[in-house]
Amino acid sequence: MKDQELIDAAMAAQQCCYCPYSSFPVSAALLTSSGKVFTGVNVENASYGLTICAERVAVGTAVAAGERSFETLVVVVKGGGSPCGACRQVLNEFAPKLRILMVNQEGEIVQEANLDDLLPQAFGPHSL
Ligand code: THU
């Protein structure tokens, strides 16, 4: 799959973000090794701390569909910022070297990185 298709999927998901408290929409699209795409959006809550990030929604949706092997993640966020620490940790569980494209709300790639650069010396399944 071309990067642009994954970016398009993540951009389309922006309209589903539920962020009435922060007004900070974040969406994601995760490409599996089998070629499927799972999207996620941030889902906020009136009990603010229960908010779930877009990346973790995408991972959870994919895992619930039986997918555990991931190639690329696109995150769409204002300015093309990088995933939070909690999301890095959850992504590391399944794809320690995941390729991550950070895309701004105009659909432009602002940064590209591999997860092991964003989360060095990670604690993962092999640490147990
Ligand atoms: N957010 C994400 O969805 N992913 C991240 O990696 C960082 C933050 C969301 C959570 C909250 O709804 C909003 O962005 C502001 O923090």
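Conventions used here
- Residues numbered from 1 in each chain as written.
- Predicted model: local features only at pLDDT ≥ 70, side-chain atom pairs only at ≥ 80, totals over all residues.
- Heavy atoms only, no water.
- Salt bridge = Lys/Arg side-chain N within 4 Å of Asp/Glu carboxyl O.
- Helix = DSSP H or I, 4+ residues; strand = E, 2+ residues; numbered from the N terminus.
- Buried < 20%, exposed > 50% of the residue type's maximum accessible area, 1.4 Å probe, protein only.
- 1 Å grid on protein atoms, 1.4 Å probe; cavity = no way out; pocket = protein on both sides within 12 Å on 5 of 7 lines; lining within 4 Å.
- Points joined across faces, edges and corners; volume = space filled by probe spheres on them.
- Nonpolar A, V, L, I, M, F, W, Y, C, P; charged D, E, K, R; others polar.

A.B. asks: Is there a simple way to think about the pattern of salt bridges in this case?
C.D. replies: Think of it this way: side chains of opposite charge can pair up when their charged atoms draw near. Enumeration over the complete set of coordinates arrives at four salt bridges. For Asp3, the salt bridge goes to Arg99, with nearest N and O atoms at 2.7 Å. Taken as a pair, Asp3 in helix 1 (residues 3-13) and Arg99 in strand 4 (residues 99-103) lie far apart in primary sequence, 96 residues in all. Judged by its relative accessible area of 27%, Asp3 falls in the partly exposed class. You can call Arg99 partly exposed: its relative accessible area is 22%. Between Glu67 and Lys36 there is a salt bridge; the shortest N-O distance is 3.0 Å. Remark: Lys36 occurs in the loop between strand 1 (27-32) and strand 2 (37-41) and Glu67 occurs in the loop between helix 2 (54-64) and strand 3 (70-76); sequence separation between them is 31 residues.

A.B. asks: Explain the layout of surface pockets here, please?
C.D. replies: Within this model, the largest pocket holds a volume of roughly 160 Å³. Looking at the largest pocket, it is lined by 15 residues, and the ones nearest its centre are Phe24, Val26, Cys53, Glu55 and Val77. Looking at the lining of the largest pocket residue by residue, the classes come out as nine nonpolar, four polar and two charged.

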